[in-house]
Amino acid sequence: MSNPTSEPDPSPTTWVPPEGSWASSAARRRNMQAIRSRDTAPELLVRRLVHAQGLRYRVAVRPLSDLRRTADMVFRPAKIAVFIDGCYWHGCPDHYVPPKTNPGYWSDKVARNITRDRDTDERLQAAGWLVLRFWEHETAEECSAAICHAVTSRRPKT
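The text that follows walks through the structure, step by step, so that each part is easy to find. (Residues numbered from 1 in each chain as written. Predicted model: local features only at pLDDT ≥ 70, side-chain atom pairs only at ≥ 80, totals over all residues. Heavy atoms only, no water.)

### Some words on the pattern of salt bridges
Close approach of charged atoms allows side chains of opposite charge to pair. Selection rule: Throughout this description, the term salt bridge denotes a Lys or Arg side-chain nitrogen within 4 Å of a carboxyl oxygen of Asp or Glu. For helices the rule is a DSSP run of H or I covering at least 4 residues; for strands it is a run of E covering at least 2, with both sets numbered from the N terminus onward. Accessible area is worked out with a 1.4 Å probe on protein chains only. A residue is then buried under 20% of its type maximum, exposed over 50%, and partly exposed in between.
Under the defined criterion, the tally for this structure stands at 9 salt bridges. Between Asp-121 and Arg-118 there is a salt bridge, with the nearest N and O atoms lying 3.4 Å from each other. Highlighted residues: Asp-121 and Arg-118, both in helix 3 (residues 103-126), separated by 3 residues, approximately one helical turn. On the basis of relative accessible area, Asp-121 is assigned to the buried category, the value being 11%. For Arg-118, a relative accessible area of 39% gives the class partly exposed. A salt bridge links Arg-123 to Asp-119, with the nearest nitrogen and oxygen atoms 3.4 Å apart. Within this pair, Arg-123 and its partner Asp-119 are both found in helix 3, separated by 4 residues, close to a single helical turn. Among the residues examined, Arg-123 registers a relative accessible area of 41% and is labelled partly exposed. Overall, the relative accessible area of 27% leaves Asp-119 in the partly exposed class.

Quick look at the structure:
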């Protein structure tokens, strides 16, 4: 029995995005919200291997306090910032495929990410930091070996 004072259910086929949303559908919105900005599978693999070599680091912190950007791994005494970039979000020259849906928005976003990455690299290098960038498709073993070599060679001698 229905309640005569209740409002009718909105049609499930009519989706209205929240105000200011960029999503083209409810499914797209859920998908995009599920994308992780940290603790991705490639990051976790590299971190596990580096940790197994006895190196300790900070995760998802600002290398410089006045830089509003975080690195995936930070080795403060050695002044090394590690970034493990996703092929799509950071425009990998080998694997980036321009989007078919809303290409203007997403291509511009990736271009802004690339510009921000270069700016971050320049600012960290100007402050005396070594910036190591890896693509998500690179093997964790190669990444961790490069990180361990860089950290041990730059570690302050005691």
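### Thoughts on the nonpolar core
As a reminder, the rule being used: Among buried residues, the Ala, Val, Leu, Ile, Met, Phe, Trp, Tyr and Cys ones that are joined through side-chain atoms within 4.5 Å form a nonpolar core. Only heavy atoms matter for contacts: two residues are in contact if any of them lie within 4.5 Å across the pair.
Judged by nonpolar contacts, the single largest core of 17 residues is most densely connected at Val-46, Val-50, Phe-75, Ile-80, Val-82 and Ile-147. At 6 residues, the largest contribution of residues to this core is made by helix 4 (residues 140-154). Setting aside chain neighbours within four positions, we find Ile-80 in contact with Met-73, Val-74, Phe-75, Trp-129, Leu-130, Leu-132, Ala-150, Val-151 and Arg-154. Ala-71, Val-74, Leu-124 and Val-131 belong to the second-largest nonpolar core, a separate cluster that totals 9 residues.

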